[in-house]
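Summary of the model geometry
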Amino acid sequence: MLDDLLGRHLLPPDAERIAGEQLDREIEKQLSPETTAWCRRAVAEYVSPAADPASAGIEGFRPQDT
């Protein structure tokens, strides 16, 4: 079900810019620079996900247990 949703979900071409502007305007005033940087990485990874996030070394992902 989730794969089907992700396959059909289309982001606007400027989604990363829009999210960045929102972070600039709203979130950076309340959060630490480290948290804001994490949010920016999360948006970038959502817009252009790695095929295998665990192999790519993306924080929070680990290889699947077999």
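What about the packing of helix α2 (residues 15-27) against helix α3 (residues 33-47)?
Running from N to C, α2 and α3 point in directions that differ by 165°, and their axes come no closer than 10 Å. One finds that α2 runs roughly antiparallel with respect to α3. The element α2 and its partner α3 pack so that their crossing is right-handed. Counting all contacts with α2, which are made through Glu 16, Ala 19, Gly 20, Leu 23, Asp 24 and Ile 27, the residues of α3 involved are Thr 36, Cys 39, Arg 40, Val 43, Ala 44 and Val 47.

Considerations on the environment of Ala 50
Turning to its location among the elements, Ala 50 is positioned in the segment after α3. Once residues lying within four places of it in the same chain are set aside, the contact partners of Ala 50 are Ala 56 and Ile 58.

The rules behind these values
- Residue numbers run consecutively from 1 along every chain, following the written order of its sequence.
- Where totals are concerned, whole chains, interfaces and linings use all residues; where local detail is concerned, this predicted model gives features only for residues with pLDDT of at least 70, and gives and counts side-chain atom pairs only at 80 or more.
- As a convention, hydrogens and water are excluded, and side-chain values are obtained from all of the structure's heavy atoms.
- Axes here mean lines fitted to C-alpha atoms, for a helix over just the part in contact, with angles spanning 0 to 180 degrees between N-to-C directions.
- The helix count covers DSSP runs of H or I at least four residues long, the strand count covers runs of E at least two residues long, and both are numbered beginning at the N terminus.
- Each angle receives one of four descriptions, namely roughly parallel if under 35 degrees, roughly antiparallel if over 145, roughly perpendicular if within 65 to 115, and oblique otherwise.
- Left-handed describes a crossing whose near helix is turned anticlockwise from the far helix through less than a right angle; right-handed describes the clockwise counterpart.
- In what follows, a contact means two residues having at least one pair of non-hydrogen atoms within 4.5 Å.

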